[in-house]
Amino acid sequence: MAESTRSSSHSSPPTPSASAIQTTQSWRMGLFLSAIATVLLALLMVQLDSFDAAPYPPDELAKKPNFVVPRINPRLLHGSERIGEGQLSGPEDIVFDPKLGVIYTSCGDGWIKRVTLNDSVVENWVNTGGRPLGLALGYSGEVYVADAFKVSLYSIIVN
């Protein structure tokens, strides 16, 4: 009797009833059949839909274009002014400082040049010793420089 009491205190998990097993199996079978039906329906629709590319007349490719692009645009840079012509060696980027009224430009020779807009005077401002490619103006008026050869960023305080 003591053994039966012990075995009943260590009860095993309840076994599912036959109806619960049947419900689970029928649910799985229904899901499987609906997935198969969906795939078969999609395959049937793809097979029934005839996808033919629109016919393209072969003589269309041999035609010359109807439009003519002018080789010279008479209005190209109309009304513009060249700034620092002959004094800037491969300018890459510019940034405008509205407080001072100057443009900073990074050049291929390593110089960052300062150009005043009133009289277009070009001044060698800072030489990074590398290849400055990008410029940005900070909130306090400093100029940030990205240098490709030095692989670094510089912050230059404007005097």
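What counts, and at which threshold
Residues numbered from 1 in each chain as written. Predicted model: local features only at pLDDT ≥ 70, side-chain atom pairs only at ≥ 80, totals over all residues. Heavy atoms only, no water. Pairing = 2+ DSSP bridges. Helix = DSSP H or I, 4+ residues; strand = E, 2+ residues; numbered from the N terminus. Salt bridge = Lys/Arg side-chain N within 4 Å of Asp/Glu carboxyl O. Buried < 20%, exposed > 50% of the residue type's maximum accessible area, 1.4 Å probe, protein only. Polar contact = N/O pair within 3.5 Å; in protein donor to acceptor, adjacent residues only side chain to side chain. Contact = heavy atoms within 4.5 Å.

Caption draft 1: Quick peek at the pairing of strand β7 (residues 152–156). Here strand β6 (residues 143–147) pairs with β7 via five bridges, running antiparallel. Bridge assignment links D147 to a residue of β7, and that residue is S152. Count of turn residues in the β6/β7 antiparallel hairpin: four residues, of which V151 carries a positive phi of about 50°.

Caption draft 2: Molecular detail of the pattern of salt bridges. For the coordinates displayed, the defined rule picks out three salt bridges. Note that E85 and R82 form a salt bridge whose closest N and O atoms lie 3.3 Å from each other. The two residues E85 and R82 agree in class, both being exposed. One salt bridge in this structure joins E123 and R114, with 3.3 Å as the shortest N-O distance.

Caption draft 3: Here's a closer look at the side chain of T128. For T128, the location among the structural elements is in the loop between β4 (122–127) and β5 (132–137). Among the polar contacts listed, one links the side chain of T128 to the backbone nitrogen of G130, at a separation of 3.2 Å. Once residues lying within four places of it in the same chain are set aside, the contact partners of T128 are G110, I112, V145, D147, K150 and Y154.

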